[in-house]
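Structural features, examined
Single-letter residue listing:
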Amino acid sequence: MPTMGGAAEETPPTKLRKKPRNSRFTQQNLKAWRPVLTPVKVVLVFMAVALVLIPVGVACLTASISVVEYSSRYDNVPECTDRANDNREREQKLYQVGGDGFLCNVSIIVEEDMKAPIFMYYELDSFFQNHRRYVKGRDDEQLKGKNRAASSLDDCEPRLFQNGSRDKVINPCGLTAWSFFNDTFRAFESQASNTSELGLRQKGIAWRSDVEHRFGAYEPQNFNNIPELRGGGEINGLVRDDEHFVVWMRTAPLPTFRKLWGIIDRDVLQGSTFVVEISNRYNTYRFGGKKSIILSTTSWLGGKNNFLGFAYIVAGGLSFLLGTLFFVLHLSFRRPLGSEDYLSWRRSG
Amino acid sequence: MSQVPTLSSLPSIRSQRSHLHHQPLKGDVRTVPFRLHPEPRNKKQKSEFPTNYVRTAKYTFYSFLFINLFEQFSRIANLYFLFIAALQLIPQLSPTHWITTIAPLVFVLSINAAKEIYDDYYRHKSDGEVNNREVDVLVVGSRPVRSKWRDLRVGDIVKVVRDQEFPADLLFLSSPDDDGLCWVETANLDGETNLKLKNCYPASKACQQAEQLAKELGGKRLECECPNEKLYQFEGAVVGSREEGLDASNLLLRGSTLRKTEWIIGAVVFSGEHTKIRRNQSAAPRKVTQLERHMNMLVLVVFAVQILFSAGGAIGRDIWLRQHNGDYYLEGTSGWPEFGPGVEGTLVTFLRFVILINVMIPISLYVTLEVVKVAQCLFLNWDLEMYHEDTDTPFQCRTTTLNEDLGQVEYVLSDKTGTLTQNVMGFVWASIGGHLYGRDSRDVAGDLNPAKGVKLDTPHSIALDPNLRTSIERRSSRRPQKERGGVDTATGDFFFHLAVCNTVVPSAGDDNEPVYQAESPDEEALVKGARYLGYVLMARSVDAVQLEVLGQRVDLKVLAVLEFNSARKRMSIICRLPNGKIRLYCKGADTVIMARLGDRKQNRHATCDHLNEMASAGLRTLVVAYRDLSEDLFNEWYDKYHKASVSLVQREAKVEEAADAIERNLVLLGATAVEDKLQEGVPETIDRLSRAGIKVWMLTGDKLETAVSISHSCSLFQPGMKLVFLREEDFSDTTMAKAALAQAREDVIRLTVEQRRVGLTTAVGLVVDGGALAVVLKVKFQDEFLSMCKQCRAVVCCRVSPLQKAQVTNLVKCKAGAIALGIGDGANDVGMIQSAHIGVGISGREGRAAVLASDFSMAQFRFLSRLLLVHGRWSYRRNTEVVMYAFYKNFAYVMANVYLNYFISGFSTQPMYNAALIATYNAFWTSLPTIAYAILEKDVQAETMMATPELYMEAMRSDWRSFFRSLSSWLFYALVHSIIVFLWPMYALVWPEPDGKLLGLNAAGVAVYTAVIITVNLKVAVRTHHWTALNALVIWGISIGMWFPFMYVCSLLWQWWEVLPDMAGVAQRLFSVPAFWLSAVIGAPMFSILLDFSMMAFEDQFRPSDTRIFQEREQKHGISGGMQEATSTTTAGLFDARHPGDSGSPLPRDAALP
């Protein structure tokens, strides 16, 4: 039983043993900054925010505008599909042909000088790399080169065993790797009658940390060999060395996405034409996905992306408008600071 | 030890009773053998009684896990998260890793468990200390054996020495006192600090050793009632060749302490859990605050929203899948775990969505609130403004869960005595023989030399009345007391009576001045007053009183004491005077005594007038009378009385009947008036509370006139206020009651209207007396009564019983839909304190019963204004903010998952954030700032709130409607913020970066998460009005500041261990990307908060809250007197201006007596 209290002492205690400590903290009296925003300060804040956001927006927009970007869709180009009429026919012909698929050329006229490096991307549309089943369809430890028992690779279903035979564990397993994009490209520059192949550098297109740490240096096993059932293609050499594969494995957030395919380390000037030789193999016809080829330079901010600039300008502009509105309202309904007339018990009484 | 031969009245009669037969006990009987002979203590042998081991600790080492987990999971939110975690453990079902729920849940549970362990540790320590205390056990044939308390058995004979606690409930067998008495202090038991006297079992009175006891008790056994919780009742008997009755005065209770007596020997009757103190320790009712009730409702609402989103997602998936059957790369939609379109798949997807967005209900809310409230309580305990230096009493939070309710109190139900008044009684006036003395004594006493030992500032100012003193001196010199063998002059008789007729026990103090131990402060005042006038009570024992009358010793033999109780409202002592006559001295309430006066009605009218005058001055009155008894009459009566007092059946009623027979035909001596001094600062406090819109009700056992006068003096009733009365006599039957109530209600409305016309608002007070209250508390009148009360500014209930106090409290609590606070200091307030939403105990003179039952305890009533207006208001605002913010931050965070799945990833329940982020969101990045806010935030300063109590109204008036209104605004912002923080980084980061590479889904998730963290932290920042270094540290330094290093380290881990693959390399990549900084770190959070900021700025400027106006005033004027002056004029129009010093004059003004 806890003993509460002590003996009843009649004399007042000489020593105040229970007196709380008198410190700024215990008395809730810590030094503090207590900002109260007066109308002038509010307007200043609004304007200051506008003053920061709008120039940043303008800078972003300028950067984005300075980027030269050309894009061309090729999945429906007649030469690339053996002049098939619709997607079903295109898909059938694609399987019939097999191997390197259809070879075709797509031309892009350069209207503005493009400074090196020029990045070449492929873009897929309506492809849900962000689908949960697709995202989880991999095993990161296996990709790192660890030995993984089949029993711990549940997430790779249904692409865990080749042809369903339990002794043939697919490595790298799972949906993401299985549907590896396998169109290939070559780029040429055509000036007047003169056509020369542009060196498409295909190293250094993936994240460095991915190549160095995330993917292992090992030979793929039991990988994709059934063209009819696959979208995808084979991995060239060791897993980490096929940077197209590494790039593919960074699943994209949106169903329309582009992926870096190669880098041209050379300026391409106005008046010349890009000719991209495509070997069209990847099946997007079943779900009606578009495929495009994109050539782009970058600025300090990156690729062509007006969103960021506009967002900043809209936010800054809003701040400016709100500040102005506030100022006007303040001038028309002046309320003296701390005036008692606005107290609720004054108004109601 | 030379004991002062004194005796309290309590057991005096019963002590003379012995060797009597009694009726056998009814019902279950416990038979206790006296275990005087050493016997083998066979531990395995199961005793029918429990051991004396007592455990107050909640847990044992082994039971802790089970009990604590059980308690925690009886909380619905914890159970919910356990359920989610269980779902996550089903392989292939959960879209997120099981760690994401288990980790925060374990974190939350372990904080709570740590708190419980901390609390229980001290209980264990004190248990261990108590159980291992040692006591001597007497055994025949050997020296006393030291035994631990825990090893005591029922029937053991123990010897307890002075100043020790009794180890169990003992039958008192003997003490060194010749009469077989001992003194005990029961402060731990019932809170009363005065000493009580106990009687031993008479037969063993002289026994000092085991052998003697064995002889006396040999062959006898103890029979008594079974263990119960009644502290003041015990029925038993020692059964041998005959039965000898025992009662509560023979029982020494565990929890009380032996005082002033060298030692006692006792037999263990009840041990361990059977002791009365353990039987009395019941768990206090658990109180839940209004905020928590709203919060629980809110959890349900949010849960419903979550179910809707999940159902929508499940249906959406079905449709999406049917449209996307060409997405061959998503192959394998045929069966568990990935069904195709259809019912099974929809159900599974529904569950997946529930798991995915489960944190819409904030997992950390309850534990955050707990932490915050404990911290707030520390600040309450530490507040020097609520520390009472005179008694060295700090404020004490006894419950740590009710803080925010303090900010919403609408009714304060207050006890009077000891709470509003000091319970320091001053004997101020006396009406003797038709003369009123003492009324002007303070004014005229200045030039006189007061008697020895009387100070000019004594509360007993009667002693200063020069007229009275000369009257006493003159008469005493004319007629020497000694010769006449007593006193019979009116004045002399009067004070002689006061000195004799009481239960005050004097003990020798310094300089031979007696020190008085009194059960009632009124009596103490009267005895002291008499002493100052020369009638000194020197000693009191079982059968004698020794006085010193004007320097001469007078001895009286006490023949009987008829005790005071609240039903009798009087007490009497029958004495044999030195001249051999027998006289009955009686004093009591005016109505009771006046009805018992004999035919000699001398001075009756004058006395009645004086009584009225006394009452209206706010004084407590007693009427004093006597009766001379003849030998025959007394003897005849005493036989009857004796029989009654030893009866075992209905003893109380029989004694009362006997007493009633003798207390008749009394001769009036006069009346006394005792002043009940107000506590410091009471009128100012009540003023403040009513300015804050809090209605103060006074519930007192005093009579109507006294209650009304105290109400005036303590500012409850304002000058110019009209009063409406509900009196017992108007409520004798139902129809009358109905009419009276209707009439009163009409009066209230009429007077309110009249008062308004002259510029006073709600200046009507209601006075209800106990009889009327009993009627209006009946169900059919409750509503009407309450609605009438609501219209009155103050309500005073007088002559109420403790039970009625609790009933009134319940009425206000349940029917008025408002928070009611009960405040009191006495055991009679316990019911009120426990049934109120908040119980406040005043640690005063009436012991600790109220404090032990209370949620908060403090030394002075005046601290209430700071408790409510400052701490209560702060707590309410802070804790509401914590609750709102918890829902806000989780909603803003979790909605990204909904957007991703609804609009982008085909309802696939793909998580936006990876496991490391989900598991740390609530615990690491968003909890500290809100905790710091809830501990440190001060929207306005304490001084401002004390000067402007009206500020309290804002919080007080908020109910569930305003709660949900404010919540919907929070959730609206959560929605807007979630859209901004989702869209901005997502769309800024799906484009190529400067080196041409692209980010992926993982990195986008981390970027969105970064934006969320910064936004929700900025949200706290813009809402903080009081920026201490601590706030800055937790917001900038820890929550935002530590996130970036954390993210960086997580991104590196994959290089070395196979952990967090989804984070691998992400931070390094993001840090090198300008768009990340521009979107997630700056753009999205800044834009989100810009919206908050502008809404706040516009509202503060063009629709300012009262709080905002006072923030501006603080800024403008500083927290100085200037502002207090300015604000005090704000209410001048509301109530009549009060004149300073007016509160001292307590006469009722314009009381509209019906």
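Residues numbered from 1 in each chain as written. Chains lettered and ligands numbered in written order. Predicted model: local features only at pLDDT ≥ 70, side-chain atom pairs only at ≥ 80, totals over all residues. Heavy atoms only, no water.

As a reminder of what qualifies: UniProt positions are given in the numbering used here, feature names are shortened, and annotations may be inferred rather than shown by experiment.
Per an unreviewed UniProt entry, chain B goes by the name Phospholipid-transporting ATPase and belongs to Ostreobium quekettii. Quoted straight from UniProt, the Catalytic activity (unreviewed entry) entry for chain B says "ATP + H2O + phospholipidSide 1 = ADP + phosphate + phospholipidSide 2." What UniProt records for chain B under Subcellular location (unreviewed entry) is the sentence "Membrane".

The name given to chain A in an unreviewed UniProt entry is ALA-interacting subunit, with the source organism recorded as Ostreobium quekettii. The UniProt entry for chain A carries this comment under Sequence similarities (unreviewed entry): "Belongs to the CDC50/LEM3 family." What UniProt states about chain A under its Subcellular location (unreviewed entry) heading is, verbatim, "Membrane".

**Notes on the domain arrangement of chain A**
Rules: Just so you know, the domain bounds were taken from an automatic or database domain assignment.
Once the domains are mapped, chain A shows domain 1 (36–67 + 305–334) and domain 2 (69–297). For domain 1 of chain A and domain 2 of chain A, the distance between their C-alpha centres works out to 43 Å.

**Quick word on the interface of chain B and chain A**
How big an interface is tends to be reported as the loss of accessible area on association of its parts. Heads up, the rule is: A contact between two residues is defined here by any heavy atoms of the two lying within 4.5 Å. Here's the idea: put two parts together, see how much 1.4 Å probe accessible area each one loses, and the total over both is what we call buried area. A carboxyl oxygen of Asp or Glu within 4 Å of a side-chain nitrogen of Lys or Arg is what we treat as a salt bridge. Two N or O atoms count as a polar contact when they lie within 3.5 Å, although within protein this holds only if one can serve as hydrogen donor and the other as acceptor, and sequence-adjacent residues are included solely when both atoms are side-chain atoms. Labels follow the DSSP assignment, with helices taken as runs of H or I lasting at least four residues and strands as runs of E lasting at least two, numbered in each case from the N terminus. Two strands make a pair as long as DSSP finds a minimum of two bridges between them.
With 128 residues of chain B at the contact, the number on the chain A side is 116 residues. Looking only at chain B, the three residues that lose the most surface to chain A are Tyr328, Tyr329 and Glu331 of chain B, adding up to 8% of its buried area. Our enumeration of links across chain B and chain A arrives at eight salt bridges. Of the charged contacts in the structure, one is a salt bridge between Arg1113 of chain B and Glu340 of chain A, with a shortest N-O distance of 3.2 Å. Our enumeration of links across chain B and chain A arrives at 43 residue pairs in polar contact (both at pLDDT 80 or more). With 17 residues, the single largest contributor to the side of chain B that touches chain A is helix H38 (residues 1074–1102) of chain B. Bridging between strand E1 (residues 32–33) of chain A and strand E34 (residues 1027–1028) of chain B involves two bridges; their strand directions are antiparallel. Opposite Ala32 of chain A, over in E34 of chain B, you have Thr1028 of chain B as the bridge partner.

**Considering a negative patch on the surface**
All names here are of chain A. Note the cut-off: The patches reported here contain residues having more than 30% relative accessible area and no salt bridge. Joining distances are 9 Å for like charges and 5 Å for nonpolar side chains (Val, Leu, Ile, Met, Phe, Trp, Tyr). Computed with a 1.4 Å probe, the accessible areas rest on the Shrake-Rupley method; for each residue, only the protein chains presented here act as cover. For this count, His and the chain ends are skipped, Lys and Arg are scored as positive, and Asp and Glu as negative. To locate a charge, the coordinates of NZ of Lys, CZ of Arg, CG of Asp or CD of Glu are taken. Type-normalised accessible area, obtained with a 1.4 Å probe on protein chains alone, sets the label of each residue: buried when under 20%, exposed when over 50%, and partly exposed for intermediate values.
Taken together, the side chains of Glu111, Glu112, Asp113 and Asp267 make up a negatively charged region of the molecular surface. Residue position: Glu112 is located in the loop between strand E3 (102–109) and strand E4 (118–124). On the basis of relative accessible area, Glu112 is assigned to the partly exposed category, the value being 47%.

**Section: the packing of aromatic side chains**
Residue and element names in this part refer to chain A. Definition in use: Each pair of aromatic rings taken from Phe, Tyr and Trp, with Trp reduced to its six-membered ring, is defined by centres within 6.5 Å and is described as stacked if the planes are under 30 degrees apart, edge-to-face if over 60, and tilted in the remaining cases.
Tallied over the entire structure, the rule returns 82 aromatic pairs over all chains. The interplanar angle of 80° and the centroid separation of 5.9 Å between the aromatic rings of Tyr74 and Phe185 together place this pair among those described as edge-to-face. Taken together, the positions of Tyr74 in the loop between strand E2 (69–73) and helix H2 (87–97) and Phe185 in strand E5 (residues 184–191) put the pair 111 residues apart, joining distant regions of the chain. We classify Phe185 as buried; its relative accessible area is 3%. With 6.3 Å between their ring centres and 45° between their planes, Phe127 and Tyr282 make a pair best called tilted. Of this pair, Phe127 sits in the loop between E4 and helix H3 (132–136) while Tyr282 sits in the loop between strand E9 (273–280) and strand E10 (291–296), and the two are 155 residues apart along the sequence.

**Description of the UniProt feature "transmembrane region" (unreviewed entry) in chain A**
Residues and elements named next belong to chain A. Here, the residues flagged by UniProt with the feature "transmembrane region" (unreviewed entry) are residues 43–68 and 310–333. The distance from the first to the last C-alpha atom of residues 43–68 is 40 Å, and the span holds 92% helix and 0% strand. Within residues 310–333, the helical portion is 96% and the strand portion 0%, while the C-alpha atoms at the span's ends are 34 Å from each other.

**Topic: the state of the cysteines**
All names here are of chain B. Condition: Cysteine sulfur atoms that come within 2.5 Å of each other are treated as a disulfide pair.
Evaluation of the coordinates by the stated rule reveals two disulfides over all chains. When the bonded cysteines of chain A are counted from the start of the sequence, the pairing works out to 1-2, 3-4. Cys608 carries a free sulfur, and the closest cysteine sulfur to it, the one in Cys586, is 16 Å from it. Not engaged in a disulfide, the cysteine Cys792 finds its nearest cysteine sulfur in Cys789; these two sulfurs lie 6.3 Å apart. The class for Cys792 is buried, based on a relative accessible area of 1%.

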